[in-house]
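Tertiary structure, described
Chain by chain, the residues:
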Amino acid sequence: MNQASQMMTGNLAAAWGARLADVDYVPAFPITPQTEIVETLSKWCAGGELNARFVTLDSEHSMMTAAGAASATGARVFTATSSQGLLHAFEVLYTVAGWRVPFVLVNVSRALASPITLEPDHNDVLAARDSGFLQIHAETCQEVVDSILMAYRIAEDPRVCLPVMVNLDGFVLSFTREPVVLPEPAMVHEFLPPFRPAHLGFKASAPHALGTAVVGGSIYTYFRHQIHLASMNGLAVYDEAAAAFERICGRRYAAIDGYRLDDAEDVLVMTNASASKGKAAVDAAREEGRRVGLLRLRLIRPWPAEAIRDALQGRRAVAVLDQNLAPGQGGILFQEIAACLYHEALRPRALCSFIGGLGGKNLSEGEFRAIFEQTAEAGVRGKGIGPVLLYTEAEHREMQQMQYLAHELKTGR
Amino acid sequence: MTWEPHIFKDLHQIPREEHVFPGTPLCAGCGGLESLRLASKVLGSNVVYVNAAGCFTNLAAFPFTPLDASWLYTTMGSAPAGAQGVRDALDVLIAKGRLPKEEDVKVVVLGGDGSTYDMALSSTSGAITRKLDFYYFCYDNEAYGNTGVQLSPATPYGARTATSPCAVRHPAGTMQEKKDIFEIWRAHKPPYIATVSPRYPLDLEEKFARAAQYSGPKLFLAFAACPTGWLFDPAYTPDVAKLAVECGIWPLKEAINGEVVHTYLPKRQPVEHYLKLQGRFRHLFEPTVQTDAIAHIQERVNTYWRDVT
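Worth saying up front: this structure is predicted, and the values here are computed from it rather than measured.

**Thoughts on the pairing of strand 2 (residues 25–28) of chain A**
Residues and elements named next belong to chain A.
- The alternating pattern of strand 2 places Y25 and P27 and V26 and A28 on opposite faces, both of which are buried.
- Pairing analysis gives four bridges linking strand 2 to strand 3 (residues 53–56), with the strands arranged parallel. Opposite V26, over in strand 3, you have F54 as the bridge partner.
- In this fold, the crossover linking strand 2 to strand 3 by way of helix 2 (residues 35–47) has right-handed handedness.

**Thoughts on the sheet that holds strand 4 (residues 78–81) of chain A**
Residue and element names in this part refer to chain A.
- Taken together, the five strands give an open sheet; going across it, the order is 4-5-7-6-13, and neighbouring strands pair in mixed fashion. Among the strands making up the open sheet, the edge pair consists of strand 4 and strand 13 (299–301). Between one strand axis and the next, the sheet turns by 25 degrees as a mean value, whatever way the strands run.
- Note that strand 5 (residues 104–109) and strand 7 (residues 164–169) share six bridges and pair parallel. Bridging from a neighbouring strand, N107 pairs with N167 of strand 7.

**Remarks on helix 1 (residues 31–43) of chain B**
All names here are of chain B.
- With 13 residues, helix 1 should reach 18 Å at 1.5 Å per residue; the first-to-last C-alpha distance of 18 Å fits that figure.
- The buried fraction of helix 1 amounts to 10 of the 13 residues, a majority that puts the element mostly inside the structure.
- Those residues of helix 1 that sit buried are G31, G32, L33, S35, L36, L38, A39, S40, K41 and L43.
- Of the surrounding secondary structure, the elements contacted by the buried residues of helix 1 are strand 1 (47–51), strand 3 (106–112), strand 4 (134–140), helix 6 (201–211), strand 6 (217–223) and helix 8 (237–246).
- In the segment just after helix 1, G44 is the residue with positive phi, at about 80 degrees.

**Examining the pattern of salt bridges**
- Enumeration over the complete set of coordinates arrives at 44 salt bridges over all chains.
- Here R53 of chain A and D88 of chain B are joined by a salt bridge, their closest N and O atoms 2.8 Å apart. Linking R53 of chain A in strand 3 with D88 of chain B in helix 2 (residues 79–95), this pair reaches from one chain into another.
- Residue class for D88 of chain B comes out buried when judged on its relative accessible area of 3%.

**Some points on unusual backbone geometry**
All names here are of chain A.
- Along the chain, T32 connects to P33 via a cis peptide bond; the corresponding omega equals 5 degrees.
- Here P33 lies in the loop between strand 2 and helix 2.
- Here the residue pair G386 and P387 is connected by a cis peptide bond, since its omega of 5 degrees sits within 30 degrees of zero.
- When you line up the elements, P387 lands in the loop between helix 13 (365–381) and strand 16 (388–389).

**Structural notes on the pairing of strand 5 of chain A**
- Strand 5 of chain A sits mainly inside the fold: six of its six residues count as buried.
- Side-chain alternation along strand 5 of chain A places V104, V106 and V108 of chain A on one buried face and L105, N107 and S109 of chain A on a second face that is also buried.

**Some words on the nonpolar core**
- With 111 residues, the main nonpolar core has L295 and L297 of chain A together with Y274 of chain B as its most contacted residues.
- Top contributing element to this core by residue count: helix 2 of chain B, with eight residues.
- When we break this core down by domain, the ones giving at least three residues each are domain 1 (5–183 + 212–249) and domain 2 (256–395) of chain A.
- Contact partners of Y274 of chain B, with chain neighbours within four places excluded, come to E142, F223, W230, V240, L243, A244, C247, I249, R280 and F281 of chain B.

**Looking at the sheet that holds strand 14 (residues 317–322) of chain A**
Residue and element names in this part refer to chain A.
- In spatial order, the strands read 10-12-11-14-15-16; together these six strands make up an open sheet with mixed pairing. In this open sheet, the two strands that pair with only one neighbour each are strand 10 (256–259) and strand 16.
- Pairing of strand 10 with strand 12 (residues 292–297), which is carried by four bridges, proceeds in the antiparallel orientation. When the bridges of strand 12 are listed, I256 appears paired with L297.
- Together, strand 10, strand 11 (266–271), strand 12 and strand 14 form the strand contacts of helix 11 (residues 305–312), whose direction differs from that of strand 12 by roughly 175 degrees.

**Some remarks on a nonpolar patch on the surface**
Residues and elements named next belong to chain A.
- Where nonpolar side chains cluster on the molecular surface, the patch consists of L389, Y391, M399 and M402 and spans about 380 Å² of accessible area.
- Looking at the element boundaries, Y391 is found in the loop between strand 16 and helix 14 (393–411).
- Judged by its relative accessible area of 36%, Y391 is partly exposed.

**Some details on the domain arrangement of chain A**
All names here are of chain A.
- As far as domains go, chain A holds domain 1 (5–183 + 212–249) and domain 2 (256–395).
- Computed from C-alpha atoms alone, the centre-to-centre distance between domain 1 and domain 2 is 27 Å.
- Each partner contributes residues to the interface: domain 1 has 29 residues there, and domain 2 has 27 residues.
- Of the roughly 2200 Å² buried at the junction of domain 1 and domain 2 (both faces included), carbon and sulfur atoms supply 49%.
- Taken together, the connections running from domain 1 to domain 2 amount to six salt bridges.
- For K279, the salt bridge is made with E139, and the minimal N-O distance between the two is 2.7 Å.
- Linking domain 1 with domain 2 are 21 residue pairs in polar contact (both at pLDDT 80 or more), by the criterion used here.

**Details of the packing of helix 11 of chain A against helix 12 (residues 332–341) of chain A**
All names here are of chain A.
- Relative to each other, helix 11 and helix 12 sit at 80 degrees, their axes nearing to 9 Å. One element, helix 11, and the other, helix 12, form an angle in the roughly perpendicular class. Contacts from A305, I308, R309 and L312 in helix 11 reach I337, C340 and L341 in helix 12.
- In the contact of helix 11 with helix 12, the residues fall into six nonpolar, no polar and one charged.

**As for the confidence of the model for chain B**
- Averaged over all residues, the pLDDT of chain B is 97; the fraction at 70 or higher stands at 100%.
- The ipTM for the predicted assembly is 0.97, set against a pTM of 0.98.

**Re the environment of Q3 of chain A**
All names here are of chain A.
- Following the sequence through the fold, Q3 ends up in the segment before strand 1 (5–8).
- The spacing of Q3 and H61 is 58 residues in sequence and 39 Å in space, taken between C-alpha atoms.
- Residues contacting Q3, with those up to four places away along its chain left out, are V181, L182, P183, E184 and M187.

**Regarding the packing of aromatic side chains**
Residues and elements named next belong to chain B.
- All chains considered together, the criterion is met by 24 aromatic pairs over all chains.
- Residues Y304 and W305 carry aromatic rings whose centres are separated by 5.3 Å and whose planes lie at 80 degrees to one another, so their mutual orientation is edge-to-face.
- With relative accessibility at 3%, the residue W305 sits in the buried group.
- By the ring-pair criterion, three or more aromatic residues cluster together here, those being F56, Y135, F137, Y139, Y192, F208, Y214 and F220.
- Sitting above the plane of the Y135 ring, K218 keeps its charged end 4.9 Å from the centroid.
- Above the ring of F182, the side-chain terminus of K253 is found at 4.3 Å from the ring centroid.

**Considering the packing of helix 3 (residues 60–73) of chain A against helix 2 of chain B**
- Two numbers describe how helix 3 of chain A lies on helix 2 of chain B: the axes approach to 7 Å, and their chain directions differ by 40 degrees. The angle between helix 3 of chain A and helix 2 of chain B places the two elements in the oblique class. Note that helix 3 of chain A runs across helix 2 of chain B; the crossing there is right-handed. Here S62, T65, A66, A69, A70 and T73 of chain A of helix 3 of chain A lie close against helix 2 of chain B, whose contacting residues are A81, G82, G85, V86, A89, L90 and L93 of chain B.
- Here the contact of helix 3 of chain A with helix 2 of chain B is built from residues that sort into eight nonpolar, five polar and no charged.

Reading the values: the criteria
Residues numbered from 1 in each chain as written. Chains lettered and ligands numbered in written order. Predicted model: local features only at pLDDT ≥ 70, side-chain atom pairs only at ≥ 80, totals over all residues. Heavy atoms only, no water. Buried < 20%, exposed > 50% of the residue type's maximum accessible area, 1.4 Å probe, protein only. Helix = DSSP H or I, 4+ residues; strand = E, 2+ residues; numbered from the N terminus. Pairing = 2+ DSSP bridges. Right-handed = clockwise from strand over helix to strand, strands pointing away. Axes fitted to C-alpha atoms, helices over the stretch in contact; angles between N-to-C directions. Expected span 1.5 Å × (residues − 1). Contact = heavy atoms within 4.5 Å. Salt bridge = Lys/Arg side-chain N within 4 Å of Asp/Glu carboxyl O. Core = buried A, V, L, I, M, F, W, Y, C linked by side-chain atoms within 4.5 Å. Domains from an automatic or database assignment. Patch = residues over 30% accessible without salt bridge, like charges linked within 9 Å, V, L, I, M, F, W, Y side chains within 5 Å. Areas by Shrake-Rupley, 256 points an atom, 1.4 Å probe, with all protein chains shown as cover. Buried area = accessible area lost by both parts, 1.4 Å probe. Polar contact = N/O pair within 3.5 Å; in protein donor to acceptor, adjacent residues only side chain to side chain. Parallel < 35°, antiparallel > 145°, perpendicular 65-115°, else oblique. Nonpolar A, V, L, I, M, F, W, Y, C, P; charged D, E, K, R; others polar. pLDDT = per-residue confidence, 0-100. Phe/Tyr/Trp six-rings, centres within 6.5 Å; stacked < 30°, edge-to-face > 60°. Lys NZ or Arg CZ within 6 Å of the ring centre and 35° of its normal. Left-handed = near helix turned anticlockwise from the far one by under 90°.

This is how it looks when you write it as C-alpha cells:
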C-alpha cells in the first residue's frame, strides 16, 4: 500500500467518508460542531466532485425524516448532526430504524443543554443507544472515514438493514487535524458494492406500504424484536466487514480496541477520542510500574458482550470512565459493562465507575493517575467504587469565584 | 370573475375507477375519507402517500391497506420532509438511470389539521420554500380527532371540544378564531392552493386536475365533516359538508400563483342552518340561545365575503 497521508480534521474526514461511499443524497441542517461536514459536502455536490443532491431542511427532525424517506426510496443517504440536533430528531431516529433503512448518520458529539455549551461529551449519542441505530464510535480522524465506509457495508447488509450512527467527538476530533490516508476509490468499490436494494423503493409497478400502524402488542413485539435480531446480526456482519476492510485497505478495526491488555491487572474502559489520552496515561502508569491497560469500546450497538467479557474476565479491577452522566444513576456505559460481566466466573474483583470529561472538561494526567490508583486499591479490597466525579479542587475554586462574581453583579455588593 | 370548470362539467366525467377501497377502520361518514376518495380518482394509483400522524394513520394498519398506491407513515411533524426525501430520491435515481421514468410516482402528503396547522408548519414551510414538487392533502376536521377531539388551531370559535368545553367563564366553548392556513400557504407563493368539499365533487375533481399542470407545491384543504367529533349522525355528512359551503363558512376557492378566485359563490344561508346540525354547537342554542356568539360567527362570515367580493 503506497498511500500518502494528508492532514485533515475529523469533520473533513467524515465528509470524505460520504464522498468515497458515493452517496446519492445529503439532507442537511447546520449545527456546531458538525457544520463543517455539510459545508464541505455542499461544495462538492455543487462542484460535481460528488454526484449527489444536497438539500438543507428546516430542522433536524425534518432532515432525519428526509434521510429515512430517501433511503426507503432506494438512495444511498448520508447525513450528520450533533447534540441538540440529534435530540430534536429523536422521534425520527426510532421511526426510521423501524423502517429498516440503511443510511449513515454522523454524530459529532456535543454536551446537551442545559446549561447550553458547544463542547463534547457523550450524553447526546448515548441517549440514542436504544433507537435501533447501530453505533460506531471513532477515536481518530482516520477511523472516522474508515468507519463511515464500514458503516454503509454493515447497514446495507441484508442481515442488518438498519441505519448506522458513526460518532466522533466535537472539537477534540471534529476540529483537530490528523494525518489521514484516504482509501483509493478502487478499494472502496471493492469493499462497498453499489447500493441496489431489492426490498426498498416506491415504484409505480409495485406499490407497498411502509411504517403501517399495528393493532395489538403481539404484532408490535414481532416487528420490534426483528430490529433487535437484525442489530444482533450486526455483530457478525461487523466482524466480516472489519476483516474485508483490513484485507482491502490494510487497517483493522475490531469491535473493541485493546491497548496493552495482555498482562494488565487493571483495565480502564473508555470510548472515542479521549481514549488516546487514556492510552498515553496507560503508558505513563506502566512506567511507574502499574500493570494497566485500556479497552476502548468502538461498536456500542450492537453491544459486543462476548468480546468485552473475553477482554475483561480475570482482571483484578476494571474502571469505566464515562464521558456522560445519567442523573440519578451514574455512568451509562458502566451499567452495561457491569451487566455483561455479572455471570462471568472470572469476573473482576472490583468494578469502578468514573465520570469525567463532561462538557469538554479536560481529562488531566493527575485524574488518570487517580483513576489507576483508586482502581488498584479497589481491586485489592475486592470492592468497587463510584460513581466518582472527576472534578478537582482547583476547578471548584474557580467555580466558586464565578459564583461570587455572579452574586456581586446581581446584588451590587 | 366567474370560475368555470374546464374538464369536469358533468358527474359522469368523474372516473368510475376506485383507488380507495371500502373497509377502512375510519369512522362511518368520514368527510376526509370521501374527499380523499374523490381526489384519488384524479391522482390515480401511481402515488406514494406520505402520511402524518392523524386519523388517516388508521388507513394502513398491518396487514391491510385500502389503497392501490404506496404508503409511508412518517411522524406528526414531518410528513412534508418525508415527501422531500422520497421526491429527491426518485429524481436522483431516475437521473442516474437506476429507476425507469415510467416507475415514477406522485408524492402526496396526507395530514390532518393538527399536523397541518401547527406541528408540521415548519416542515411544510420548508418544503414550499424549496419548491418541492408534491401534493399536500389536509383533511380538516377542525380538531385533534384521532385523540378524541381536542382543540386544534383549526377549531372555530364557538365549537365545543374535549379541551375547550363550554363553561361559565367561556360559554361559547372555543374562544379562538380558526387559523387561516390558506393565507399562510399563499404567503409562500406556491403555484397552486385550493379548498375543496366532498359535497362539490366536480369542483374538487377540477381542482386536482388543474393542479396537475403545475410543478411545485400543490396544496389542498379538504373540508372533513366529522360525525364522531362534531356530534352528528354519519348520514348527515353530505348535509354538513354542503351547508358549510352554502352558509359561507367554508369558501371554495383556489389560488393559482397567488391569485385567489372563489370557485363557487354561495347564496349564504344563515350560519344557524350549519351550526344546528352539529352537537359541537348545540350549547349555542340550548338551554338558552347564545345570540351574541351566533351573531359573532355570522359577522365573521359576512366580513370574509365583504372583503373578497
